[in-house]
Amino acid sequence: MPGTTPGRRPEAKPAATQPQGKPAVKPSDVIVNEKVEVVQKEEKPVAEKITIGELHLSGCTGCLVTLADNYEGLFKLLDDYADLVYALTLVDVRHVPEMDVCLVEGSCCLNDKISVEELKEAREKSKVLVAYGGCAAYGNITRFCRGGQWNQPGQEAFVPISEVVDVDLYIPSCPPCPQEVRNVAVMAYLLLKGNEEQKNLATAYLTPLMQLAQRGNEACGCDLMYDVINQGLCMGCGTCAGTCPVRAVTMEYGKPNVNRDLCIKCGACYAQCPRSWFNFDVMNNYEGIMDAIKGAMQ
Amino acid sequence: MDVLGNYKSAISARSTDKDILKKSQDGGIITTLFAYALEEGIIDGAIVAGPGDEPWKPEPMVVTTKAELLASAGTRYTISPNLSLIKEATRSYGLDRVGIVGTPCQIQAVRKAQLYPIGMRDVDDKIALALGIFCMENLSYQALEAIVEDHCNQKMESIKKMDIGKGKFTVYTERGAVSQMPLKLIHKYVQPGCNVCLDYVANLADISSGSVGSPDGWSTVFVRSTKGNAVWDGAIAAGCFETKPIDQVKPGLDLVTKLATEKITKNQKNVDARKTVGLKADGTPKGLRNPYESP
Ligand SMILES: Cc1cc2nc3c(=O)[nH]c(=O)nc-3n(C[C@H](O)[C@H](O)[C@H](O)COP(=O)(O)OP(=O)(O)OC[C@H]3O[C@@H](n4cnc5c(N)ncnc54)[C@H](O)[C@@H]3O)c2cc1C
Ligand code: SF4
Ligand code: SF4
Ligand code: SF4
């Protein structure tokens, strides 16, 4: 091929070994050429699975279905990486068990004692508690509840689960995305069972989703104004408009315009916006990470 | 400091397709690569900056033919929110292999959508070719209007081509007039989001291209990813491009490196300055949000 091939740059430290919490400051900080292997071909990873459960609160089951929307990917996850120990209809276990990762679907109804108790129990019994989907993270559509509905007219107080328990990690959107929950499951596996390098990668990957959980439990298309445009950070890429599941965001003269009556408060637009966060340490290694996840799912 | 990102090769190139060169901004790299990828079935369609409802206002568009590609060739120096169609392309348009062109920030958005597909169901493995164009800064449509109509004193609808180069913003009218303004004066019109941008040459694209570094009518090309490499090799084998080694053209990579360093240094300063913009009651500085640290 014509042209010059620049000599391989001196191997920089892999992104994953960057100390956690220290943001990659410059795009040039990290150049990674090697792949992080998720599974060694020879060894059977089966022995070292993590346990995952899904606690179903006030949600529509769309989040649970999303997990299944990984199709054969779900079987692969369950074969090699995770045992599903608790989930509506999928697992015949009545009582909240001990688990490594608990995905909580739905907001918590304060008028329903069992929901509150089960949520607290899930917190107590899991290592990582995930607000899985817009309702658990931000209340989402249940923010608009005002009671008086058949067949529990007395139930009207619904809150994001972080009002009741501490939450480690957010997966926003309504419904969430099958590939995102898959990525989080693989990363959780690497975090809990992986070697040093894999742990570092998983930590770097999961950090922004953990920071989202710290950021608060109110979401709205308005976040694009408050935290992106008002902050002088929007560059008009259109991701927010492409993301919104209810098409509440349109691009007018290069900036998002939110139809606030349509917005269901799922939090997807802000989380997906490259100017909510952009962690160069992970993104610069996109090829390696995508290959690794793909490899893990084969 | 590695401001040019990871790449497998850097080349100076120009399309061999005369129809494309008539419409394209520089060496027609983007349009030619998409045309080749469509032909070969590498992509089923591409998201580009199509014609909009006002002169020089782009509208993101999913295109599936060479004719449509030609109609959307050339640079519009204003925002084209191409990412707004990325999920739509796989859904309403039913594409399994999506091509997309974008500025460095838009390519960053593509990679975030793939690595963290929070609201991007079934998109991650359908991005077949992400082409980046170099970018120093971008303008709102109203800012572009001010530049063309107030500073260059030409009507938007009479402009045939706009170009940035050699320190000048230049417009060429249909009737042959040429008006210019110094690039320095553009700064106040740049959209604020560009002032914290830390990428000049689309480091995360499969292939990225721009005019800087190569002679007029030619483009500088960085072939970056494994995928990009395969597409580039195929396009070369198919005779899509004339090429020259980058170290044999003037001004070459030195200029690209210089501009990239200038942009990133300046904007990194802006990012840092945001940390101490305000003042707390105890006399210590109060900062604005930093997207490179946390959401
Ligand atoms: C705002 C902006 C600033 C730029 N700054 C520089 C610079 O500083 N240095 C440099 O070397 N090059 C810069 N470029 C890139 C350059 O102008 C050419 O776009 C690039 O060289 C590709 O030329 P080509 O002939 O290969 O592409 P063509 O074959 O002409 O195709 C260009 C493609 O880009 C798409 N496009 C046009 N406008 C936009 C837009 N606003 N947003 C997203 N996609 C668009 C078109 O739809 C088309 O598909 C800039 C481009 C833009 C949009
Ligand atoms: S605007 Fe759309 S994506 Fe954003 S929070 Fe509202 S519903 Fe969700
Ligand atoms: S996703 Fe893009 S267009 Fe939307 S707010 Fe963020 S930067 Fe702006
Ligand atoms: S300067 Fe950066 S943020 Fe602005 S349009 Fe170009 S790539 Fe995007």
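Thresholds applied
- Residues numbered from 1 in each chain as written.
- Chains lettered and ligands numbered in written order.
- Predicted model: local features only at pLDDT ≥ 70, side-chain atom pairs only at ≥ 80, totals over all residues.
- Heavy atoms only, no water.
- Contact = heavy atoms within 4.5 Å.
- Buried area = accessible area lost by both parts, 1.4 Å probe.
- Salt bridge = Lys/Arg side-chain N within 4 Å of Asp/Glu carboxyl O.
- Polar contact = N/O pair within 3.5 Å; in protein donor to acceptor, adjacent residues only side chain to side chain.
- Helix = DSSP H or I, 4+ residues; strand = E, 2+ residues; numbered from the N terminus.
- Nonpolar A, V, L, I, M, F, W, Y, C, P; charged D, E, K, R; others polar.
- Phe/Tyr/Trp six-rings, centres within 6.5 Å; stacked < 30°, edge-to-face > 60°.
- Buried < 20%, exposed > 50% of the residue type's maximum accessible area, 1.4 Å probe, protein only.
- Lys NZ or Arg CZ within 6 Å of the ring centre and 35° of its normal.
- Domains from an automatic or database assignment.
- Pairing = 2+ DSSP bridges.
- Axes fitted to C-alpha atoms, helices over the stretch in contact; angles between N-to-C directions.
- Near = heavy atom within 4 Å.
- Areas by Shrake-Rupley, 256 points an atom, 1.4 Å probe, with all protein chains shown as cover.
- Parallel < 35°, antiparallel > 145°, perpendicular 65-115°, else oblique.
- Left-handed = near helix turned anticlockwise from the far one by under 90°.

*Asks:* Please clarify how the interface of chain A and chain B should be interpreted in this entry.
*Replies:* Accessible area lost during the coming together of the parts is what is often quoted as the interface size. Taken residue by residue, the interface counts 72 residues in chain A and 68 residues in chain B. Buried area between chain A and chain B, summed over both chains or domains, comes out near 6200 Å², and the portion from carbon and sulfur atoms is 57%. Contact with chain B buries area across many residues of chain A, yet Tyr253, Gln272 and Tyr286 of chain A alone supply 12% of it, more than any other trio. A salt bridge links Arg247 of chain A to Glu88 of chain B, with the shortest nitrogen-to-oxygen separation between them at 3.1 Å. Between the two partners, chain A and chain B, sit 35 residue pairs in polar contact (both at pLDDT 80 or more). The set of elements that each furnish at least two residues to the side of chain A that touches chain B consists of helix 5 (178-193), helix 6 (196-215), helix 8 (239-243), helix 9 (268-272), helix 10 (280-283) and helix 11 (286-296) of chain A. Ranked by residues supplied to the side of chain A that touches chain B, first place goes to helix 6 of chain A with seven residues. When its residues are assigned to classes, the side of chain A that touches chain B shows 39 nonpolar, 22 polar and eleven charged.

*Asks:* Explanation requested: the packing of aromatic side chains in the structure shown.
*Replies:* Between two aromatic rings, the relevant description is the distance of the centres plus the angle of the planes. Within the structure shown, the criterion is met by twelve aromatic pairs over all chains. Ring geometry for Tyr205 of chain A against Tyr116 of chain B: centres 4.3 Å apart, planes inclined by 10°, an arrangement best described as stacked. Taken together, the residues span two chains, with Tyr205 of chain A in helix 6 and Tyr116 of chain B in the loop between helix 5 (104-115) and strand 5 (127-133). Its relative accessible area of 0% is what places Tyr116 of chain B among the buried residues. Seen in terms of ring centroids, Trp232 of chain B and Phe241 of chain B are 4.7 Å apart; in terms of plane orientation they differ by 20°. Their pairing is stacked. Among the aromatic side chains, those forming a connected cluster through ring pairs are Tyr7, Phe134, Tyr200 and Phe222 of chain B. One Lys or Arg, Lys112 of chain B, reaches over the ring of Trp277 of chain A and ends 3.5 Å from the middle of that ring. A cation over an aromatic ring shows up here: Lys244 of chain B above the ring of Trp218 of chain B, its NZ or CZ 4.2 Å from the ring centre.

*Asks:* When you look at the domain arrangement of chain B in this model, what are you seeing that I'm missing?
*Replies:* Residue and element names in this part refer to chain B. Segmenting chain B into domains produces domain 1 (9-137 + 191-272) and domain 2 (139-189). Using C-alpha coordinates to define each centre, domain 1 is positioned 23 Å away from domain 2. Between domain 1 and domain 2, the contact holds 14 residues from the first and 18 residues from the second. Both sides of the domain 1 and domain 2 interface together cover about 1400 Å² of buried area, and 51% of this is carbon and sulfur. Of all residues in domain 1, Trp56, Tyr77 and Glu137 bury the most surface against domain 2, accounting for 48% of the area lost on that side. If you look at where domain 1 meets domain 2, you find one salt bridge. Residue Asp216 is joined to Lys166 by a salt bridge in which the shortest nitrogen-to-oxygen separation is 3.4 Å.

*Asks:* How should the sheet that holds strand 7 (residues 168-173) of chain B be read in this particular structure?
*Replies:* Residues and elements named next belong to chain B. Sheet architecture is open: three strands sit in the order 6-7-8, paired in antiparallel fashion. The open sheet has two edge strands, strand 6 (159-165) and strand 8 (178-182), and neither has a second partner. Averaged over all neighbouring strand pairs, the angle between strand axes comes to 15°, with direction disregarded. Here six bridges tie strand 6 to strand 7, and the two strands are oriented antiparallel to one another. Of the residues in strand 7, the one forming a bridge with Lys161 is Tyr172. Along the sheet face, helix 6 (residues 141-151) touches strand 6, strand 7 and strand 8 and points at about 70° away from the line of strand 7.

*Asks:* In this structure, what is going on with the site of ligand 1? I would like to understand it.
*Replies:* Residue and element names in this part refer to chain B. Near ligand 1 there are 31 residues, and of these Asp26, Thr31, Ser72, Thr75 and Ser211 occur at the shortest range. One of the side-chain N or O atoms of Asp26 is found 2.6 Å from an oxygen atom in ligand 1. Arg76 is positioned with one of its backbone polar atoms (N or O) 2.8 Å from a nitrogen atom of ligand 1. Surface burial for ligand 1 is 97%, taken as the share of its 900 Å² of free accessible area covered by protein chains.

*Asks:* Hey, could you run me through the packing of helix 11 of chain A against helix 5 of chain B in this one?
*Replies:* To describe two helices that pack against each other, one gives the angle between their axes and the distance between the axes. Across the interface, helix 11 of chain A lies against helix 5 of chain B with an axial gap of 11 Å and an inter-helix angle of 25°. Classified by the angle between their axes, helix 11 of chain A and helix 5 of chain B sit roughly parallel to one another. For the crossing formed where helix 11 of chain A meets helix 5 of chain B, the hand is left-handed. Where helix 11 of chain A approaches helix 5 of chain B, its residues Tyr286, Ile289 and Met290 of chain A are matched on the opposing element by Arg111, Gln114 and Leu115 of chain B. Residue classes in the contact of helix 11 of chain A with helix 5 of chain B are distributed as four nonpolar, one polar and one charged.

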